[in-house]
Structure formats: C-alpha cells, structure tokens
There are 2 protein chains.
Amino acid sequence: MTFGEYIREIREEKQLLLREVASQMNIDTALLSKIERGTRMARKEQAEALAKVLKQNKNELLQFWMADKIVFMLKDEKNSTEILKIVEQKINRLSKK
Amino acid sequence: MTFGEYIREIREEKQLLLREVASQMNIDTALLSKIERGTRMARKEQAEALAKVLKQNKNELLQFWMADKIVFMLKDEKNSTEILKIVEQKINRLSKK
DNA sequence: CTTACATTAGACAAATATTGACAAGTCAAA
DNA sequence: TTTGACTTGTCAATATTTGTCTAATGTAAG
C-alpha cells in the first residue's frame, strides 16, 4: 500500500471529502487528489499537514511517507534487494558512530 | 565508505589525475573533485562513465551509487532502521507480483 | 623563495524539475 | 439535466541542480 492509498483509506473512513481535507491543508483539491492517487508526491509539510488533519501520528506518517519515496527510487531497479542490503550496512555503520 | 571515497580510492590506485578522469568523462575537473568529496552527487550517466573510465563493473558501481543516494536521504532520520524495514516489506511485496 | 601543477572553493548562469493553481473533463446519484 | 465529488491536462512560477569559470589553496621540486 502506497502513502497515497493509505491516506485515502483514512480519509474515507472518516468520511471526509477531498475538498474538506485539501482546504484544511491550504492546497487545491486537485493536488490532494493527485497525491492520493500517487501521480504527485506530497511534500514533507503536506505529509505533516495530513497527519494533523487526519489525526494520525505525525512521525509514523512521515516514516511511511519517506519509505514511499525510497520505494519509488527503487521500483525500477532489478537489484533493489541487493541495494537495500548495502544501505543497511552503511546505516548500521553510521549509527554506531 | 561513500561512493565518492570509493572512486577516489580507485582513481588513486590507478594513479590517475582528476584532470585525466574528468576529461574522459567530459566534465570539469572541479566537478569530479566535488563528486569525490561528496559535495556534489554524481548523476547516473556520470556514475556509468566512471565505471567505464575506471574499468569497474557498471552494475556494481551503479548499485553503490544508488545506495549512496538512499543513505543520503536517510542520514538525518532518527528512525532510519524502522523506515528501511517498511521499505523492505514494500519491495518484497512488489517483487512477488 | 619561486615555479609548476593538482586540487578545491565559491559564485554564477543555464538547464531541469517541482510545485500549485486553474479550467475543463469524467462519473455517479438524484 | 443538474449537482457535487473527483480527476486530468496544462501552464507559469518557483526552486533545485548542474556544469563551468575564476580564484584560491596545497604541494613538491628546483
């Protein structure tokens, strides 16, 4: 499930309209529609605004948002698993210091 | 070790000058210097050109290059490990399909 | 010290990419 | 057919990235 699918699900659970949520975020309805459908990437501030409007844990949603960005980078790579291993090693080394 | 550190090591092993490698890549010496020092990110084509000039395995170097980009995105995140887990799950699900 | 050459730093314009809004479109329910 | 929710395409404005130039710094040899 992508970030967009996720927030759409929450929005629908809460029975909110695109128009309502977008308005609270101070963005165009069309833009929110695109974010939910994945044709546009939310900016960090927008992800934060979404957490607020949809009453979600901000850090958790931001993690999801960031994960989405990385998945997007990797989605066309045939060696994505291998790349992730390298990343993990590097991150582990970084965090030790 | 970052991508830049890595290629600098190889270049020095081969006793090549920045000027020589940059010239073969058709870029300015200053730019290659920055790439090696990590103040600029190489573009994909430049990473490929480096593989060629330094006679490295292209796919391997590109993996390293991509890993570096992701590490760069995650380096300021406190929950990078958590984020990576989410990414892995998503990637695994994607590759199943 | 000077010279010569390698590398680096900073600033800039040009090229690219991202962003948000608008207008027009589809779609479904009434 | 009207209404309201959502979607799509396009565009100008803005922001970011890119590569180069010049000047600075480092360094080894004479």
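What counts and how
Residues numbered from 1 in each chain as written. Chains lettered and ligands numbered in written order. Predicted model: local features only at pLDDT ≥ 70, side-chain atom pairs only at ≥ 80, totals over all residues. Heavy atoms only, no water. Helix = DSSP H or I, 4+ residues; strand = E, 2+ residues; numbered from the N terminus. Buried < 20%, exposed > 50% of the residue type's maximum accessible area, 1.4 Å probe, protein only. Contact = heavy atoms within 4.5 Å. Areas by Shrake-Rupley, 256 points an atom, 1.4 Å probe, with all protein chains shown as cover. Near = heavy atom within 4 Å. Polar contact = N/O pair within 3.5 Å; in protein donor to acceptor, adjacent residues only side chain to side chain. Nonpolar A, V, L, I, M, F, W, Y, C, P; charged D, E, K, R; others polar. Phe/Tyr/Trp six-rings, centres within 6.5 Å; stacked < 30°, edge-to-face > 60°. Lys NZ or Arg CZ within 6 Å of the ring centre and 35° of its normal. UniProt positions renumbered as here; feature names shortened; annotations may be inferred. Buried area = accessible area lost by both parts, 1.4 Å probe. Salt bridge = Lys/Arg side-chain N within 4 Å of Asp/Glu carboxyl O.

Named according to an unreviewed UniProt entry, chain A is XRE family transcriptional regulator originating from Oceanihabitans sediminis.

**Quick notes on the overall build of chain A**
The helix and strand inventory of chain A stands at six helices and zero strands. Across its three principal axes, chain A shows a C-alpha extent of roughly 45 × 30 × 20 Å. Expressed as a percentage of the 97 residues in chain A, the buried residues total 39%. Taking as baseline every contact in chain A between residues at least 6 positions apart, the subset at least 24 positions apart corresponds to 52%. In the structure as shown, chain A presents an accessible area of about 6100 Å², 45% of it carried by carbon and sulfur atoms.

**Observations concerning the protein's contact with DNA strand C**
The environment of DNA strand C is made up of 17 residues, and the closest members are A:Gln46, B:Arg8, B:Arg19, B:Ser33 and B:Arg37. Near the protein, meaning within 4 Å, the atoms of DNA strand C are sugar or phosphate in a fraction of 63%, with bases accounting for the rest. Contacts to DNA strand C include A:Arg40, whose side-chain N or O atom sits 2.7 Å from a base oxygen. A distance of 2.5 Å separates a phosphate oxygen of DNA strand C from a polar side-chain atom of B:Arg19. Elements with a minimum of two residues in the surface near DNA strand C: helix H3 (29–37) of chain A together with helix H1 (3–13), helix H2 (18–25) and helix H3 (29–37) of chain B. Taken together, the residues that form the surface near DNA strand C break down as six nonpolar, two polar and nine charged.

**A few points about the packing of aromatic side chains**
All names here are of chain A. Taken as a whole, this structure holds two aromatic pairs over all chains when the rule is applied. Arranged with centres 4.8 Å apart and planes meeting at 85°, the rings of Tyr6 and Phe64 form a pair that is edge-to-face. Within this pair, whereas Tyr6 is found in helix H1 (residues 3–13), its partner Phe64 is found in helix H5 (residues 58–74), the two being separated by 58 residues in sequence. On the basis of relative accessibility, which here comes to 14%, the residue Phe64 falls in the buried class. Across from the ring centre of Phe72, 3.9 Å away, lies the NZ or CZ of Lys75, which sits over that ring.

**Some thoughts on the protein's contact with DNA strand D**
Lining the immediate environment of DNA strand D, one finds 17 residues, of which A:Arg8, A:Arg19, A:Ser33, A:Arg37 and B:Arg40 sit closest. A:Leu18 places a main-chain nitrogen or oxygen 2.8 Å from a phosphate oxygen of DNA strand D. Contact between DNA strand D and B:Arg40: a base nitrogen at 2.7 Å from a side-chain N or O atom of the residue. By residue number, the principal contributor to the surface near DNA strand D is H3(A), which donates four residues. Class assignment of the residues belonging to the surface near DNA strand D gives a composition of six nonpolar, two polar and nine charged.

**Considerations on the UniProt feature "domain: HTH cro/C1-type" (unreviewed entry) in chain A**
As recorded in UniProt, the feature "domain: HTH cro/C1-type" (unreviewed entry) lies at residues 7–61 of chain A. Helix and strand shares over residues 7–61 of chain A are 69% and 0% respectively, and the end C-alpha atoms of the span are 9 Å apart.

**Thoughts on the interface of chain B and chain A**
If you look at the interface, chain B gives 29 residues, while chain A gives 29 residues. Buried area between chain B and chain A, summed over both chains or domains, comes out near 2600 Å², and the portion from carbon and sulfur atoms is 72%. Counting the surface chain B buries against chain A, the share from its top three residues, B:Gln63, B:Met73 and B:Lys90, is 23%. The interface formed by chain B and chain A holds two salt bridges in total. A salt bridge links A:Lys90 to B:Asp68; the nearest nitrogen and oxygen atoms lie 2.9 Å apart. Contributions of two or more residues to the side of chain B that touches chain A are made by helix H5 (58–74) and helix H6 (80–96) of chain B. Classifying every residue of the side of chain B that touches chain A gives 15 nonpolar, five polar and nine charged.

**Describing the environment of B:Ile7**
Residues and elements named next belong to chain B. Residue position: Ile7 is located in helix H1. The spacing of Ile7 and Leu61 is 54 residues in sequence and 9.2 Å in space, taken between C-alpha atoms. Those residues in contact with Ile7, other than ones at most four positions away along the chain, are Ile35, Glu36, Leu50, Leu54 and Leu61.

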